[in-house]
Amino acid sequence: MSKALNFINPDELSMQCILIALNRFLQEKHGSKMAFLDGNPPERLCLPIVEHIQSLGGEVRLNSRVQKIELNDDGTVKNFLLTNGNVIDGDAYVFATPVDILKLQLPENWKEMAYFKRLEKLVGVPVINIHIWFDRKLKNTYDHLLFSRSSLLSVYADMSLTCKEYYNPNQSMLELVFAPAEEWISCSDSEIIDATMKELAKLFPDEISADQSKAKIVKYHVVKTPRSVYKTIPNCEPCRPLQRSPVEGFYLAGDYTKQKYLASMEGAVLSGKLCAQAIVQDYVLLAARGKGRLAEASMCP
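This structure is a prediction, so every number in the text was calculated from the model and none was measured.

How each quantity is defined
Residues numbered from 1 in each chain as written. Predicted model: local features only at pLDDT ≥ 70, side-chain atom pairs only at ≥ 80, totals over all residues. Heavy atoms only, no water. Helix = DSSP H or I, 4+ residues; strand = E, 2+ residues; numbered from the N terminus. Buried < 20%, exposed > 50% of the residue type's maximum accessible area, 1.4 Å probe, protein only. Areas by Shrake-Rupley, 256 points an atom, 1.4 Å probe, with all protein chains shown as cover. Expected span 1.5 Å × (residues − 1). Contact = heavy atoms within 4.5 Å. Salt bridge = Lys/Arg side-chain N within 4 Å of Asp/Glu carboxyl O. Core = buried A, V, L, I, M, F, W, Y, C linked by side-chain atoms within 4.5 Å. Domains from an automatic or database assignment.

A. Region of the structure containing the overall build of the protein chain. For the protein chain, the count of helices and strands is nine helices and 10 strands. Across its three principal axes, the protein chain shows a C-alpha extent of roughly 80 × 40 × 40 Å. Here the protein chain holds 301 residues, and the buried ones make up 40% of them. By element, 56% of the accessible surface of the protein chain is carried by carbon and sulfur atoms, the whole surface being about 17,400 Å².

Below is the structure:
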């Protein structure tokens, strides 16, 4: 459960995380329900979000990295300078990134503010996601997320059963979380696959062997994330920031910000909703700031 929640072993994890998760499972109507996308995330998750934003008049720009947060004399955000030289001006600015990226982009003027200084304790956890397509259907898998007893594999699922896009009555496709991954993140894909197959041979002794003399790999894909969700270690909870920063017009979203679902995709989504609520609550203030900037611009020669 520790590895499933935060990709680290229980001797590192804050037990507050376990207690909160158990509380959610017990008290919320669908707290223990597992669910899968019915296809790949870019098409089934990202694209619908983009289409929704565009339908409301918004714009999504890809390959537009922020190089620098430029500030006004009073320490508020002037604009976002992109690596391609473009400048993004706005009435409100939201930084919806992992905490490690935010820390790299923080302006020097902000780093000593207590709100941002507490972020130093929050660090992303490395994790590896593995997809393996086999030449046959594994018998001992289920239409569910499975918790592994392996020391290297956290959770896994046979996507040919759980996901409509990958459905296949004749061949299994396992998706696995390889964690803790700190000692493996710099290893080659083949080394990671070899270690994974040794672990799968223990979980499926009748169907999988490390040398592939039983089920054979048709293809595989290894995805490394050097910094994923924040590491939920003891005493990190007080360091998690609210979505509204002390800098007027600047907001944060991400699983590391204050919300009840801890380090998770659900937590990241909820943080976005809380961030949007904060912006709506600040609408009058933000609108006044926008009018003030327009007035200043019209007075300039």
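B. Seen up close, helix H8 (residues 265–281). With 17 residues, H8 extends 25 Å between its outermost C-alpha atoms, agreeing within 8% with the 24 Å of an ideal straight helix rising 1.5 Å per residue. In this structure, the buried residues of H8 make contact with strand S4 (93–95) and strand S10 (250–252).

C. Up close: the pattern of salt bridges. Counting across every chain of the model gives 14 salt bridges. The partner of Lys117 in a salt bridge is Glu120, with the nearest N and O atoms 3.6 Å apart. Accessibility expressed as a relative area gives 52% for Glu120, which makes it exposed. One connected set of salt bridges, linked through shared partners, spans Asp38, Arg44 and Lys164.

D. Inspection of the nonpolar core at higher detail. Core analysis: the largest hydrophobic core is formed by 33 residues, its most contacted members being Leu102, Trp110, Phe116, Leu122, Phe250 and Tyr256. Breaking this core down by element, the ones donating at least two residues are helix H2 (15–27), strand S2 (77–82), S4, helix H4 (99–105), helix H5 (114–117) and S10. When we break this core down by domain, the ones giving at least three residues each are domain 1 (1–123 + 232–298) and domain 2 (126–227). Once residues lying within four places of it in the same chain are set aside, the contact partners of Leu102 are Phe95, Thr97, Leu119, Phe250, Leu252 and Tyr256.

Geometry only, nothing functional implied.
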